[in-house]
Amino acid sequence: MQHAYAEWDAVTTAGLSAAQSAALEQRALLEYAPLVKRVVRQLSAQASAVMDREDMAQIGLMGLLEALRRYGPPDAGFGAFAALRVRGAILDELRRQDWRPRTVRQDSHKQRDALRALTRQLGREATEAEILRHLKLTPRQYQDFLQAEVAEEMASFDELVEELARLPSEHRNPEAQLMVTRSIAQALTALNEREQRVIQLYYEFDASLKEIAAVLDLTEARVSQINKAALAKMRAFLQQV
């Protein structure tokens, strides 16, 4: 990766012509386009009623371009940084379009409370069949609920990362972005092994909640809970940075 962008490194300090800069950005956009597709797949499950995949992809590509211009020449840490920015760009637009109206959010809160009550009542994690019966949801509705829960927590995490990346003066620069990226890497160390595994599988390898549940021998609801708890821990860590 670093070798592929040696030209970028070599000319950065000397200054790039508009043509050179555009060519290098185009090369990077093509190389990281699959990352945008992965993020779109993750978000489209619960947001397709508001925005189609093509529109999400266009917004994601703009987020990727912005990430490239903020970060500088891509290196081993760029993929994680870019994924956050791409997801953040799409979520910003979804929030602008009020993709989860108040009534939907209220229903989600009720379902979350009911799920906690069921767990307390059983004294263990409920099976999917028990959850569907208790919440009176179809399997598809339950999947949408879990995906929306993860997306909501991720949106909150993105907002914090965005705040950390803001400088009190001047424009953002690669050094500041590198500090944010390193802070995120450090925040991962605040997680236990299972939380790190869930974060890695979901955000780096694009595994679905169902796939992660099968790998870790957990219910999808439990995976969603671990995901949310992990992001909350990372957010708390970053707020202390």
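Since the structure is predicted, the reported quantities are computational estimates derived from the model, not experimental observations. (Residues numbered from 1 in each chain as written. Predicted model: local features only at pLDDT ≥ 70, side-chain atom pairs only at ≥ 80, totals over all residues. Heavy atoms only, no water.)

### Structural notes on the overall build of the protein chain
What counts, and what does not: In DSSP terms, a helix is any run of H or I states spanning at least four residues, a strand is any run of E spanning at least two, and both are numbered starting from the N terminus. Buried means the residue's accessible area, taken with a 1.4 Å probe over protein chains only, is under 20% of the maximum for its type, while exposed means over 50%, and partly exposed covers the values in between. For accessible areas, the Shrake-Rupley method is used with a probe of radius 1.4 Å. Any residue's cover is judged against the shown protein chains and nothing else.
If you tally the helices and strands in the protein chain, you get 11 helices and zero strands. Listing the helices and strands of the protein chain from first to last along the sequence gives α-α-α-α-α-α-α-α-α-α-α. Going through the 241 residues of the protein chain one by one, you find that 44% of them count as buried. Accessible surface, the protein chain as shown: approximately 13,100 Å² in total, 52% of it carbon and sulfur.

### Quick notes on the pattern of salt bridges
Here is the rule we go by: By salt bridge we mean one thing: a side-chain nitrogen of Lys or Arg within 4 Å of a carboxyl oxygen of Asp or Glu.
Within this structure, the stated rule accounts for five salt bridges. Where Glu25 meets Arg69, a salt bridge forms, and the shortest distance between an N and an O atom there is 2.9 Å. Residue Glu25 is found in helix 2 (residues 18–47), and its partner Arg69 is found in helix 3 (residues 53–71); the two are separated by 44 residues along the sequence. Here Glu130 makes a salt bridge to Arg124, at a shortest N to O gap of 2.8 Å. By relative accessible area, which is 17% here, Glu130 ends up buried.

### Points about the confidence of the model for the protein chain
Applicable threshold: Across the chain, each position has a pLDDT score giving the predictor's confidence in that residue, from 0 to 100. Two residues qualify as a contact provided that any one of their heavy atoms is within 4.5 Å of a heavy atom in the partner residue.
Taken over all residues, the pLDDT of the protein chain has a mean of 77, while the share at 70 or more is 73%. Ignoring residues within four places in sequence, the model shows residues 10–14, a span with pLDDT below 50, making two contacts including any to other chains. Confidence over residues 167–172 falls short of pLDDT 50; this stretch has eight contacts with residues more than four positions distant or in other chains.

### Let's talk about the nonpolar core
The nonpolar side chains of a soluble globular protein tend to be buried with one another. Keep this limit in mind: Buried residues of nine kinds, namely Ala, Val, Leu, Ile, Met, Phe, Trp, Tyr and Cys, make up a nonpolar core once their side-chain atoms join them within 4.5 Å.
Counting 32 residues, the largest nonpolar core has Ile131, Tyr142, Ile212 and Val223 as its most contacted members. For this core, the secondary structure elements donating two or more residues are helix 5 (102–122), helix 6 (128–135), helix 7 (139–165), helix 8 (174–188), helix 9 (193–204), helix 10 (209–216) and helix 11 (220–239). Per element, the largest residue contribution to this core is seven residues, and it comes from helix 11. Ile131 has contacts with Leu115, Leu118, Ala126, Lys136, Tyr142 and Ala221, leaving out every residue within four places of it along the chain. Core analysis: the next-biggest nonpolar cluster, separate from the first, contains 23 residues, Leu35, Leu43, Met51 and Phe78 among them.

### Quick word on helix 3
To keep things clear, this is the line we draw: For a helix, the expected span equals 1.5 Å multiplied by the residue count minus one. Whenever two N or O atoms come within 3.5 Å, that pair is a polar contact, provided that in protein one can donate a hydrogen and the other can accept it, and provided that, for residues adjacent in sequence, both atoms are side-chain atoms.
In a regular helix each residue adds 1.5 Å, so 19 residues correspond to 27 Å; helix 3 covers 26 Å between its end C-alpha atoms and thus fits that length. Within helix 3, the full set of buried residues consists of Met56, Gly60, Gly63, Leu64, Leu65, Ala67, Leu68, Arg70 and Tyr71. Backbone nitrogen of Glu54 and a side-chain oxygen of the N-cap are separated by 3.3 Å at the start of helix 3; the cap is Asp52. Just downstream of helix 3 lies Gly72, where phi reads positive at about 95 degrees.

### Here's the deal with the packing of aromatic side chains
Short version of the rule: Any two rings among Phe, Tyr and Trp, with Trp reduced to its six-membered ring, count as a pair given centres within 6.5 Å; such a pair is stacked if its planes are under 30 degrees apart, edge-to-face if over 60, and tilted if neither.
Scanning the model with the defined rule gives one aromatic pair in all. When the centroid spacing of 4.9 Å and the interplanar angle of 80 degrees are considered together, the rings of Tyr32 and Phe78 count as edge-to-face. Of this pair, Tyr32 sits in helix 2 while Phe78 sits in helix 4 (residues 78–96); the two residues are 46 residues apart in sequence, bridging distant segments of the chain.

### Things to note about the environment of Gln97
Mapped onto the fold, Gln97 is located in the loop between helix 4 and helix 5. What makes Gln97 partly exposed here is its relative accessible area of 33%. In the structure, Gln97 is positioned 46 residues away from Met51 in sequence and 8.9 Å away in space, judged by C-alpha atoms. Those residues in contact with Gln97 that lie beyond four places of it in its chain are Val50 and Met51.

### A word on helix 11
Between its first and last C-alpha atoms helix 11 spans 29 Å; for 20 residues at 1.5 Å apiece the expected length is 28 Å, and the two agree. Taken as a whole, helix 11 has its buried residues at Glu220, Ala221, Val223, Ser224, Ile226, Asn227, Lys228, Ala230, Leu231, Met234, Arg235 and Leu238.

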